[in-house]
Amino acid sequence: MISLANQTGCHLKRIRRSRHWQLSGEESQLRQLIGQLEDDGHQWIVKAIEKALPQPEIDLLQILTINPSMTVSQLVVETGCSMSEARRAIDQYEDL
């Protein structure tokens, strides 16, 4: 695992003498590392990295422009936004 992290430019090191580890690197390096961790035993690492990375900004109005017949629940499922955010976006799209 340490060599795989080093190949992507990330740094994986043990915190003092504990059993805890610290992974650091640029966002692009961490995303590249996620792509290389395909083993089921490493999925907990992938989840931890994804949790720490910033979530991409989703433009709800752009999604509604592409698919104007989208319902509130479809918008929530596809984007992960809240119901109130979806309703607000639909209202803005319909100019209410």
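Residues numbered from 1 in each chain as written. Predicted model: local features only at pLDDT ≥ 70, side-chain atom pairs only at ≥ 80, totals over all residues. Heavy atoms only, no water.

If you look the protein chain up in an unreviewed UniProt entry, it shows as Ribosome recycling factor from Vibrio brasiliensis LMG 20546.

Chemist: Any chance you could break down helix 3 (residues 43–52) for me, citing the residues and the numbers?
Modeler: Those residues of helix 3 that fall on the buried side of the exposure criterion are Ile-45, Val-46 and Ile-49. Looking straight down helix 3, one finds its buried side chains confined to an arc of 100°; they lie on one side. Exposed side chains of helix 3 directed beyond 90 degrees from the buried face belong to Trp-44, Lys-47 and Lys-51. Next to the buried residues of helix 3 lie strand 2 (21–24) and helix 2 (27–36). (Buried < 20%, exposed > 50% of the residue type's maximum accessible area, 1.4 Å probe, protein only. Helix = DSSP H or I, 4+ residues; strand = E, 2+ residues; numbered from the N terminus. Arc of directions from axis to C-beta. Contact = heavy atoms within 4.5 Å.)

Chemist: I'd like a description of the pairing of strand 2, backed by residues and values.
Modeler: Here 4 bridges tie strand 1 (residues 11–14) to strand 2, and the two strands are oriented antiparallel to one another. The residue of strand 2 that forms the bridge with Leu-12 is Leu-23. In sequence, strand 1 turns back onto strand 2 through a hairpin of 6 residues, with Arg-16 there showing a positive phi of about 50°. (Pairing = 2+ DSSP bridges.)

Chemist: So, the packing of helix 5 (residues 72–79) against helix 6 (residues 83–93): which residues are in play, and what are the values?
Modeler: Contact geometry for helix 5 and helix 6: axes closest at 9 Å, N-to-C directions at 120°. On the basis of the axis angle, helix 5 is oblique to helix 6. For helix 5 against helix 6, the interelement crossing comes out right-handed. Contacts from Val-72, Leu-75 and Val-76 in helix 5 reach Met-83, Ala-86, Arg-87 and Ile-90 in helix 6. Taken together, the residues that form the contact of helix 5 with helix 6 break down as 6 nonpolar, no polar and 1 charged. (Axes fitted to C-alpha atoms, helices over the stretch in contact; angles between N-to-C directions. Parallel < 35°, antiparallel > 145°, perpendicular 65-115°, else oblique. Left-handed = near helix turned anticlockwise from the far one by under 90°. Nonpolar A, V, L, I, M, F, W, Y, C, P; charged D, E, K, R; others polar.)

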